[in-house]
Every structure is written in structure tokens, then in C-alpha cells.
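Analysis of the macromolecular model
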Amino acid sequence: MTKIRADMMTGTPKTIKQIKQDIQKIANDDTVNGSVPLFWLSDWLLHVIDKPAIFLITDENYQLTEDELSRFNVGLHKMQHGTPLAYLTGQQAFWSLDFKVNEHTLIPRPDTEVLVEQTLNWIKSQPSSDGQKRLLDLGTGSGCIAVSLAYELQQESMSKTAERWQVVAVDLSAEALKVAEYNAAINGVADIHFIQSSWYDGLAVEEPSFDVIVSNPPYIDESDEHLARLTAEPISALSAPNHGLADIEYIVQQAPSYLHAGGLLVIEHGFAQGIAVRQVLTESGFTEVRTVKDFGGNDRVTLGHNRLGQN
Ligand code: GLN
């Protein structure tokens, strides 16, 4: 391996063909310092040369400029030392939209699309009504959930009636909120109200004014070895005390004070937390509590309805 990297660092001119061979070796080599998935390497190459994927097949003899090669090598080095591709490119696709990300935000995961999908399914299944509806996203991070939902809710198909959705998105981190606001802007979503807040604390009034509350809170156990591989992302977005359940418990227990009777709560959680999260919802007065699996077949999202007549 040291040979591959030494070669790459010397800045000797390289063609796409040669780099493809190099990255193939790096992706296959177990001894490489922190193995890097092949698609990260090829996506990074495409990002640096600013070309579509087909270029790697049609233009194998293209020789990278000195600047391109050196930028490619710097990124390669960072990925080999734990920086995720999304932090190098500064972007991540989610729900067919593009999101800017940086070290202040969690990188959107495909699993979280299940939360978006479930929330939309529920909204579509409700009898349409005129007037204002409200949705709250707690711990919005990059804004991927709030922006995707707001984007869908403003589409033609979702607005057959005079029903209008206002999305409120909160995060403790002012830096994350800047990213989320930017993501709302680039995706053409105007209707999101961003608030800097620790969970519900910054909401104007404690009253049941939301129809839907969604959250992908930190839920990894503080002693989980999985965390060691997630060093680049903000720990406050990933990990929570009490076996990873502390923030979920708080969010669920407070939710009835902010949700209309019959309103929906949707929480993302760890693959082994389904039973515990269902129990917290049930104990907090939620009904029709159920867990939905992610694309990998693991428990990932739990939903429930705020008890009718409670508020
Ligand atoms: N699903 C993420 C992971 O396990 C964690 C996301 C979160 O803590 N909210 O990598």
C-alpha cells in the first residue's frame, strides 16, 4: 500500500485509466489505513475533475492537471484518515434533493428517507381539510427531513385543497441552522421557520399547535463501538446517555403538550431500540404505536398518534 500512496503523492502525471487502477487497489487493500469504499474514490475523482460518471469510461486517456491531481490526492489522504466523502464534496443527495453538509451537521442517511416516506404517507391518508397545518422537526441538522417534507408538501399533488403546511425546524446548533436555511433556499422551499432551540424550549408557547412532530435525534449508546467510526460527525448529533434513549424519551414524553389530539409523532432510532421506543410512546399516551424497518430490514422508525381527546 505505501507504494500506491507514495506514487500518488509525487504528483507524477496520471491518466483516468491509471487512477482507476490505483483506486481499485486502494479499495481492495485491507492494509490501507482506514479502507475507503470504491464509490467514494470514484465520486471524489469525478468531483475534482467536474465531469459526469460516464467520463470515467469514455475518456480514460484524459490526463489530470497538476492541480486536479494534487486536490485528488489531498482528499484521498483525508478519506483514508476518516473524513467522509460528503464532507469533502460538501454535499449529499437525500430524497432526490441536494443538501449542503459540513462538520456541524450529520450527513443525511438513506435510512432517514423511511421517516420522510412514513410521514408523507400518513399526511396523504388524512382527510383533507382547509386551513393551516403545522409540522415540527426537532434537531433538524442539515435540514434534510424538514426540507424534503416541505418540498413535497408544497407540490401540486399534495395541495389539492386549501390545506397549507407550515414547517418549523429547530436545532441547538446555530451553525447547523445556517446550513439548513441554505438547504431550504437551494431547494426552493420558502415555508420553513427555523428556530435555535434545545428541543421544545425555544417554541413560543407550550400548547398543542402541531399536527405532526418528527425527529431524528441522537440515539447511539455512548459506549457503542460504532461511534469510533463516526469521528468526523458532530457527537452531539449522534450519541445520547441512557443507552442512547435519553433524548428520545424527552422528545416523546413532552410531545403530547405540543401535538393536537390525534396528531402524529415519528421518531428515528437505533436498530435495537424498537421495543424500548414503542414502550416510551405507549407510556406517554400514544396509540396505534408501530415500528417500520429501514431498507436494510432493521427497526428504524416508530410512529404513534397522540391520544384523541387528550388536549
Ligand atoms: N443512523 C446513524 C448511524 O447509526 C445515526 C443517526 C443518529 O444518531 N440520529 O450512523
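See above for the structure.
Residues numbered from 1 in each chain as written. Predicted model: local features only at pLDDT ≥ 70, side-chain atom pairs only at ≥ 80, totals over all residues. Heavy atoms only, no water.

All right, on to the overall build of the protein chain then. Of regular secondary structure, the protein chain possesses eleven helices and eleven strands. When its C-alpha atoms are laid out on the principal axes, the protein chain stretches across 70 × 45 × 35 Å. A buried classification covers 49% of the 311 residues belonging to the protein chain. Within the protein chain, contacts between residues at least 6 apart in sequence are counted, and of these 69% link residues at least 24 apart. For the protein chain, the distance from the average position of its 23 positive side-chain charges to the average position of its 41 negative side-chain charges is 5 Å. (Helix = DSSP H or I, 4+ residues; strand = E, 2+ residues; numbered from the N terminus. Buried < 20%, exposed > 50% of the residue type's maximum accessible area, 1.4 Å probe, protein only. Contact = heavy atoms within 4.5 Å. Lys, Arg positive; Asp, Glu negative; His and termini not counted. Charge placed at Lys NZ, Arg CZ, Asp CG, Glu CD.)

Moving on to the pattern of salt bridges. This model, assessed by the stated rule, comprises ten salt bridges. A salt bridge links K178 to E175, with the shortest nitrogen-to-oxygen separation between them at 3.2 Å. Residue K178 and its partner E175 are both found in helix α9 (residues 174-186); the two are separated by three residues, about one turn of the helix. The exposure class of K178 is exposed, given its relative accessible area of 52%. Residues D299 and K293 are paired through a salt bridge, measuring 3.0 Å at the closest nitrogen-oxygen approach. The exposure class assigned to D299 is buried, which follows from its relative accessible area of 18%. (Salt bridge = Lys/Arg side-chain N within 4 Å of Asp/Glu carboxyl O.)

Just geometry here; none of it tells us what the structure is for.
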